[in-house]
Structures are given as structure tokens and as C-alpha cells.
Amino acid sequence: MDPIQLWNAIKQELRKSISQGFSFTNYVDTLNPLQLVENENNTVTLQLTTTYEPVASEWLDTNSSYYQAFMQAAMTATLNLTGKPTFIIPSVTYVSPTPTTLFDLPDDQESETTEYQKNTNLASEFVTQSILNPEFRFETFVSSDENREAYAVAQAVADKPGTQWNPLLIYGGVGLGKTHLMQAIGNKVLERTPNANVKFITTEDFINDFTEALRRGQKETEAFKREYRSTDLLMVDDVQFLAGKEKIQEEFFNTFNAITRENHQIVLTSDKLPKEIPGLEMRLVTRFGQGYSANITKPDLPTRVAILRNKSDLENLSIPNDVIDEIAAAVDTNVRDLEGVFNQVVGKMRFSNVPITVETARTILETMNFKRQRAITIPLIQEAVANFFNVTVQDLNGKKRNKEIVVPRQIAMYIARELTQDSLPQIGRAFGGKDHTTVMHSTEKIENAIENDSILAEQVQKIREELSNR
């Protein structure tokens, strides 16, 4: 088979399963067929190239929707071309783009143009390219009741960027959808205003770009500043990694001020509130807190079920509801794990021709160390702590201030903060309507005390073990 002919046939099939527009244009149309390589196991690899590094990274993930859609499309395409379906594996390689010119310019014009490009587009040579994931949209984000606030604020920012909630900080644990919600803002802004200067980066990208600019010299540093500070919408992932980097924090502070001074929008994500990040300068803590901080928490069981049903519908999969319920009940860590396990289960069922039943799903889940488990909730933590210290749950939720009650209460709050995805206000409400600052003070006090008090550390560990064995 000719690789170009094959790729065109596969693309034709992919148009049926991948949404047209941004998604297809960026993650399919940018790929160029290189060659076909026959493998020893009667499969064939179609080697493709792209000049966009994030696109190549996405295709490296065998669990991604693009990779899975390709496998199905290739089987259909080869059946149509040869009358026999062939197992085709995609292999996408990033190649650095080579600058080209459409016309041969006279020597004087060429040197003039080159000098102009050096002065105006210097940063594009080394500054990280910004590509949004087209799947990260508001329509594909399934929000739990606890995350409705973050979802609503993100939509408000997308509708009127730079007007009120600036910056928007979305914080929470790993794999809960912070990046999804942030990029949904970017995709919405670009949908409404295609020419908007929207930039999405990780904090690591910012650090690397600034370091490289400094290494290259004054002109490149100025070009870096122009590129970052001229954005209409700057989205920065994982700002907690700015901690302890004084020079980088100073540049980020100046970038932040330049963007917000022009009433342009900044959106940030972090694993915790800025004031809880050690090594973050107070001026950045203040700046990050001047807009709106929205917490994203771990999805509850109904939300996990909704996420998987939504994913099943988007990928045109016929997964029985009881199978989805089994997966949702077994994986309660975060959305990333949930979708990853879902992809593994579906892939093994599809390519092994195994019937899609609860028993089959359960077997696969067990091999991946997932099984139905009782979720650790604040009431369970309160019960465990109360039994351990021989007090009552009512004592923990009450207002008594004697040491025999205060310390267990603080330990219970500390463990709740550690083992659940509930926010500070949620934890406070569960302990008799305590203020979130009380929760923060309690968790910090126990965290600091554990380092120097081996008895306290042992008590907390025993309670953890008790909860894990329930």
C-alpha cells in the first residue's frame, strides 16, 4: 500500500469520529505520512510526522481518543482499499519546522527582511508553542455539585475576559480537571475571537523560555517579554512550581502586572492556594489572590458515572450501564485515573473480543489493582478519630475548647484535608460550621507538630490504617 493513499483513506474515516474544526485541523490535518513499516507480528506501522510537538505527544498516548479512533479507522480503510482489514499502528514523530520563503528576494531586500524578522520575531525561535487540546471544552467537562462554582466562574471569564475575575486561580489535586477547565476558557475565547492572542503554557515552559532568553542575550530577553506581555489571555498551569525561584518569580510578577494593567486576562492553576505554597513571594501571593480562587474537588460517584457515560457517548461506544457503574465505583482517585482505566477496559474488551460484562470488567480492574471500595468521607474520619480518642463525634463537631477535644478535632480536620478532596469551607461545615481559617490553622498545627512529636505521628498513622482497612 502507498502511505499517502492509506493516510488519505484513514483521514476520511477519522472525519466521521473526530469533531471537525479545531480538533481535526490541529491533530489530524497537521500530520504528514512518511512510510509504512511491516512488523513481525503481522501488523503495519504508519509513520507520520508533525511540526507541532504537543500534537506528537498526544499521539504517543495509546489511551488518547485520537489513537483509539485511528485504530478503528485504519481497519475500515484497509478493508475498503484491499478487501482485507489490516492492523495499522500510528507512529507520530515531531520534526522541527524549517523556515521557508516563497520568493527569491534580491540580496538587499533579503538582508533587510532578515534583519526585520530578527528584531520582531526573535522570541518565536525559542518560546514554547501554545496549542490547546480541542477536547477540553465546557461541553465535555462534567461538573459535580461541589465544582459548579468553579465551572460557572470559568464560563464567566470566558464570556468577558479581563473584566472582573482577574486572575482566575483554579486549584485542587492532581487529575481533577483543572487544565481541562482552564483550556476550555481558551477554546471558548478563540471560538468567539479567532484572532485573539491566547497563550497556554506550563510553569516549566515559562521557566525554560525565560532561562533560554537570558542565555541568548538582551535582544532575545526583550523579545521574550514582548511575546508574553502582549497576550490577551495568558493561561499558566501549575504555578506552585514557581516556589523558591526568585529570579523567575520577579519576571512572572512583571509579566502579570503588564497583562492585567491592560485589562487582559490571566488564568492560573495550582495544587493548593497561593498562601499555602512555601517559597512563593508574598507579592505574588497577593496578586494571585486579588481575583477569584476556585476549588476543584474529587468527583463523587454520580459524577464519575456521568463522566464515563459522556465519554462513552462521545466515542460512540455501546458500554452497558452496569459496566460503567462498576468502573466508576472502583476508581475513586481522580478523573485522569478514571478515564485511563476506562480506556484500558474498553481497549482490552475491543481487541480481545471479550463480551462486555460486569464480570469481565471486574477481572480487568482487579489486574490493574482497582476494586470496589468504600470511599473515605469526613463522617468516616470523624467516627474513626472519635473511637481512637474515646470521644464522641458530637464533641468533634461542637465548641468545647479543652485539650482532650481540641487535639482530636484538629487531627480529624488534618486527615480530612489529606484523604478527601473536600475544600476548606466544606470541611469546616462538616465540623459544626467552623470557618475555613479554623480548618487551615488546625491542619497546619498538626502538620508542624507531627515533625517533632513521634507519638502524635504514630497516632495519626494508626487512624489512617484503620480507615484504609474499613
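Residues numbered from 1 in each chain as written. Predicted model: local features only at pLDDT ≥ 70, side-chain atom pairs only at ≥ 80, totals over all residues. Heavy atoms only, no water.

### Regarding the overall build of the chain
Scanning the chain from terminus to terminus reveals 21 helices and eight strands. Counting only C-alpha atoms and orienting by the principal axes, one finds that the chain spans roughly 85 × 60 × 40 Å. Burial analysis of the chain (470 residues in total) assigns 45% to the buried set. Counting only contacts in the chain whose residues sit at least 6 apart along the sequence, the fraction spanning at least 24 positions is 72%. Accessible area for the chain stands at about 24200 Å²; split by element, carbon and sulfur atoms hold 48% of it. A distance of 7 Å separates the average location of the 48 positive side-chain charges in the chain from that of its 63 negative side-chain charges. (Helix = DSSP H or I, 4+ residues; strand = E, 2+ residues; numbered from the N terminus. Buried < 20%, exposed > 50% of the residue type's maximum accessible area, 1.4 Å probe, protein only. Contact = heavy atoms within 4.5 Å. Areas by Shrake-Rupley, 256 points an atom, 1.4 Å probe, with all protein chains shown as cover. Lys, Arg positive; Asp, Glu negative; His and termini not counted. Charge placed at Lys NZ, Arg CZ, Asp CG, Glu CD.)

### Regarding the packing of helix H9 (residues 218-229) against helix H10 (residues 246-261)
The contact between H9 and H10 brings their axes to 9 Å, and the two run at 45°. Here H9 lies oblique to H10, going by the angle between them. The two elements H9 and H10 meet at a crossing, and its hand is right-handed. On H10, the residues that touch Phe 224, Lys 225, Tyr 228 and Arg 229 of H9 are Glu 251, Asn 254, Thr 255, Ala 258 and Ile 259. Considering only residue class, the contact of H9 with H10 consists of four nonpolar, two polar and three charged. (Axes fitted to C-alpha atoms, helices over the stretch in contact; angles between N-to-C directions. Parallel < 35°, antiparallel > 145°, perpendicular 65-115°, else oblique. Left-handed = near helix turned anticlockwise from the far one by under 90°. Nonpolar A, V, L, I, M, F, W, Y, C, P; charged D, E, K, R; others polar.)

### Quick look at H10
Here H10 is 16 residues long and its end C-alpha atoms lie 22 Å apart, about the 22 Å a rise of 1.5 Å per residue gives. Taken as a whole, H10 has its buried residues at Ile 248, Gln 249, Glu 251, Phe 252, Phe 253, Thr 255, Phe 256, Asn 257, Ala 258, Ile 259 and Thr 260. Asn 263 lies just past H10 and shows a positive phi near 60°. (Expected span 1.5 Å × (residues − 1).)

### Description of the sheet that holds strand S5 (residues 198-202)
Strand pairing in a sheet relies on backbone hydrogen bonds, with the paired strands running either antiparallel or parallel. Within the open sheet, the five strands sit side by side as S5-S6-S7-S4-S8. Their pairing is parallel. Unpaired on one side and paired on the other, S5 and strand S8 (292-295) mark the two borders of the sheet. If you compare each strand with its neighbour and ignore which way they point, the axes differ by 15° on average. (Pairing = 2+ DSSP bridges.)

### Things to note about the pairing of strand S1 (residues 32-38)
Direction of pairing for S1 relative to strand S2 (residues 44-50): antiparallel, over a ladder of six bridges. Residue pairing across strands places Val 37 opposite Thr 45, the latter belonging to S2. The hairpin turn running from S1 into S2, its antiparallel successor, is five residues long, and Asn 42 in that turn takes a positive phi close to 65°.

### Remarks on the confidence of the model for the chain
Mean pLDDT over the chain works out to 84, with 90% of the residues at or above the 70 mark. Within the chain, no element has a lower average pLDDT than helix H5 (residues 107-120), which sits at 42, and none a higher one than strand S7 (residues 265-270), at 96. (pLDDT = per-residue confidence, 0-100.)

### Describing a nonpolar patch on the surface
Together, Met 75, Phe 87 and Phe 351 give the surface a local cluster of nonpolar side chains, amounting to about 250 Å² of exposed area. With respect to the element layout, Phe 351 can be found in helix H14 (residues 335-352). Take Phe 351: its relative accessible area is 42%, and that puts it in the partly exposed class. (Patch = residues over 30% accessible without salt bridge, like charges linked within 9 Å, V, L, I, M, F, W, Y side chains within 5 Å. Salt bridge = Lys/Arg side-chain N within 4 Å of Asp/Glu carboxyl O.)

### Some details on the packing of aromatic side chains
Given two aromatic rings, one states the distance between the centres and the angle between the planes to describe the pair. A full pass over the atoms with the stated rule returns 15 aromatic pairs. Centre to centre, the rings of Trp 59 and Phe 70 are 5.9 Å apart; their planes meet at 90°, and the pair counts as edge-to-face. Here Trp 59, found in helix H3 (residues 53-60), pairs with Phe 70, found in helix H4 (residues 65-82); they are 11 residues apart in sequence, far enough to count as distant. Three or more aromatic residues joined by ring pairs make a cluster, and in this case those are Phe 206, Phe 210, Phe 224, Tyr 228, Phe 252, Phe 256 and Phe 288. Over the ring of Tyr 228 we find Lys 199; its NZ or CZ atom is 5.2 Å from the centre of that ring. We note Arg 283 situated over the ring of Phe 253; from NZ or CZ to the ring centre the distance is 4.4 Å. (Phe/Tyr/Trp six-rings, centres within 6.5 Å; stacked < 30°, edge-to-face > 60°. Lys NZ or Arg CZ within 6 Å of the ring centre and 35° of its normal.)

### Quick look at empty space enclosed by the protein
The final tally for this structure, using the stated rule, is one cavity of 30 Å³ or more. Space inside the largest cavity adds up to approximately 40 Å³. Taken together, Gln 68, Glu 315, Leu 317, Asn 343, Val 346 and Arg 350 make up the lining of the largest cavity. The element best represented in the lining of the largest cavity is H14, accounting for three residues. Grouping the constituent residues of the lining of the largest cavity by class yields two nonpolar, two polar and two charged. (1 Å grid on protein atoms, 1.4 Å probe; cavity = no way out; pocket = protein on both sides within 12 Å on 5 of 7 lines; lining within 4 Å. Points joined across faces, edges and corners; volume = space filled by probe spheres on them.)

### Some words on the pairing of S7
Summarising burial for S7: six of the six residues are buried, a large majority. On S7, burial covers both faces: Gln 265, Val 267 and Thr 269 on one face and Ile 266, Leu 268 and Ser 270 on the other are all buried. Sheet topology places strand S4 (residues 168-171) next to S7; four bridges connect them, and they run parallel. If you follow Tyr 171 over to S7, its bridge partner there is Ser 270. Two strands pair when backbone bridges link them, and strand S6 (residues 233-237) and S7 are joined in this way by four bridges, in the parallel orientation. Pairing of Leu 234 across the sheet is with Ile 266, part of S7. Assessed by its sense of winding, the connection that carries the chain from S6 through H10 to S7 is right-handed. (Right-handed = clockwise from strand over helix to strand, strands pointing away.)

### Details of the pattern of salt bridges
For side chains bearing opposite charge, pairing can occur when the charged atoms are close. For the structure on display, the rule yields 17 salt bridges. For Lys 400, the salt bridge is made with Asp 395, and the minimal N-O distance between the two is 3.4 Å. A relative accessible area of 16% means that Asp 395 is categorised as buried. As a salt-bridge pair, Glu 458 and Lys 462 come within 3.5 Å of each other at their nearest N and O atoms. Pair noted here: Glu 458 and Lys 462 are both in helix H21 (residues 454-468), with a separation of four residues, about one helical turn. Judged by relative accessible area, Glu 458 falls into the partly exposed class, the value being 44%.

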